[in-house]
Amino acid sequence: MGRSQKLTRRDALKLLGSGAAVALPGERLLASDNRQPSAAHQTDVVVVGAGFAGMMAARSLIRSGKKVVVLEARNRVGGRVKPATLAGHAIDGGGMWVGATQTRLLETIKEYGLHTRPQFLEGKNILEINGKRVMADKEASGLAPEVQAECDRVTAELDRLSAQVPLEAPWTMTHAEELDQMTVEEWLKSQTRNPAVLRFFESATRILFTADPFQLSLLYFLFCLRSGDDFNTVYAFENGAQGFLVNETMHQVAAKVAAELGATIKLEAPVTAISQDAAGVTVASAKGGWRGDYAIVAVPLPLSVRITYSPSLPSQRDALAQRMPMGSVIKYWVAYEKPFWRERGLNGLLESDAPPSNQIAVDASPPEGRPGFLQGFIDTDSALEWSGRPMEERKKMIVDRLVSFLGPEAANPIDYEDQDWPSDPWSRGCFGANMGPGVMTTVGKVIREPHGRIHWAGTETSTRWMGYIDGAIRSGERAAEEVLAGSRAETHRPSA
């Protein structure tokens, strides 16, 4: 049957199974809130979500000549990249760093005429581990030589294992099931008995994944390291994933993409249902219904199953979304009249293995150097404990902790701002969704597998820089190419 022929109700029932609720071509769409039905708008592709993944998918499709609509639940674009203000300056309430090998993000920043600067590291940092505080230049650990040597040995073993992970199919790695059934915590304890080394890697895991080592599959952990080159690249500032800040803020990159897309983006349009048949998809949202050839869903993976699908998602896909919870983090900013710590030879990098913050602070002051900005995270279980509480309570706790590291000058901030990501209804956490033991080698295999005419984007689906903005961009462009390939195949398919 050619695409131009009409799909009968009998054909649709054969395709979807009896009892499937689906809007057929030309039928009117009934929204889930029981309002009066309205005719669906026509487009080529419906993109769900206006984060970097969704917007870059839409951009690729539009540049290829497709008509697209992007439906975004929030009243803004950017997803987990969010604008905020501190002491009269624009800051990022969400993702903000870019690394030297995150080439797609760097290219996008350059394309829109924006600028980067290195993360400030001049001076000494303070590391608290096992109740002791040490100082070292830039981002060096300051650990005793024998402890550092043991850390280096464990890091080398992580890199040796992660280098063997096939990025497109990590579940095919030698001993994949064994590695997947083991937690990061179990593996670390099998490698070293040095308490300081264990505490260092446990803290690093919380910083990177906003989850505890006992919650993460070792295979998933290795895949993420390989996705971002190696452990040191993922963990480091200089020459690492946190190497640069965007002068104009990272959210301005998202705003530039959105400006190119223009009226394509519909804000405050949460999607409630997606149905499909042999000819296309119908998407129900708070801003009405849309009919297209394909849909790309680019929302946090655990939230993707809050949409009603007809026909239903395959059981493996649904199980995957349920078994990849979002990490837990509250991002905070503290402003001072000046970066007083620099006058003492400190660079503002404060890390600890004690709750509630493993990365207590980094110096994220504006390019001109004043005011002085410190930025940090409340992570893992502590983020859930502090989520939903008044911001003033969090401010007091954070400022008191900064005083314990930097002295009484830290007691008088001129401003404070934070982003409670676990309470955000359209993210329910940050930085990304993580895999626990046994997930990757079972249901993890379907993470990029389309459901008929529905394709998946989002940083969690990327094989390169998974969990980062660069990975989100790559995932959106990959999903767009899948749709374009499907469209080309349909165009050249002979009629029956």
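The structure under discussion appears in the preceding block.
So, here's what we can say about the structure. This one's a predicted model, so the numbers in the text were calculated from it and none came from an experiment.

Before going further, it helps to spend a moment on the sheet that holds strand β13 (residues 280-285). Here we have five strands laid out as an open sheet, ordered β1-β14-β13-β12-β16, and mixed in their pairing. Sheet topology places β1 (41-42) and β16 (308-310) at the edges, where each strand pairs with a single neighbour. Bridging between β1 and strand β14 (residues 288-292) involves two bridges; their strand directions are parallel. Looking at β14, one finds that His-41 is bridged to Trp-290.

Attention shifts here to unusual backbone geometry. Following Ser-310, the chain continues into Pro-311 via a peptide bond in cis, with omega recorded as 0°. Structurally, the position occupied by Pro-311 is in the loop between β16 and α12 (315-322). Along the chain, Cys-430 connects to Phe-431 via a cis peptide bond; the corresponding omega equals 5°. One can find Phe-431 in the loop between β21 (415-420) and β22 (454-456). The residue Thr-210 is not glycine, and still its phi comes out positive at about 45°. Note that Thr-210 resides in the loop between α7 (195-209) and α8 (218-227). Residues other than glycine seldom take positive phi values, yet Trp-465 does so here, at roughly 50°. In this fold, Trp-465 is placed in the loop between β22 and α16 (469-492). Among the residues examined, Trp-465 registers a relative accessible area of 1% and is labelled buried.

What follows concerns the pairing of strand β2 (residues 45-48). The side-chain alternation of β2 yields two buried faces, one formed by Val-45 and Val-47 and the other by Val-46 and Val-48. Across four bridges, β2 lies against strand β3 (residues 68-71) in parallel orientation. Residue pairing across strands places Val-46 opposite Val-69, the latter belonging to β3. In this fold, the crossover linking β2 to β3 by way of helix α2 (residues 52-63) has right-handed handedness. Judged from the four bridges that link them, β2 and strand β15 (residues 294-297) form a sheet pairing that is parallel. Within β15, the position partnered with Val-46 by the bridge is Ala-295.

How each quantity is defined
Each chain carries its own residue numbering, running from 1 in the direction its sequence is written. It should be noted that, the model being predicted, local features are given only for residues of pLDDT at least 70 and side-chain atom pairs only at 80 or more, the latter also being counted only at that level, while totals for whole chains, interfaces and linings use all residues. The side-chain quantities take in all heavy atoms of the structure and omit both hydrogens and water. At least two bridges found by DSSP between two strands are what make those strands a pair. Helix and strand assignments come from DSSP, with helices taken as H or I runs of at least 4 residues and strands as E runs of at least 2, each series counted from the N terminus. Each residue gets one of three labels from its accessible area relative to the maximum for its type: buried under 20%, exposed over 50%, partly exposed in between, using a 1.4 Å probe on protein chains only. Handedness is read with the strands pointing away from the viewer; a crossover is right-handed when the path from the first strand over the helix to the second is clockwise.

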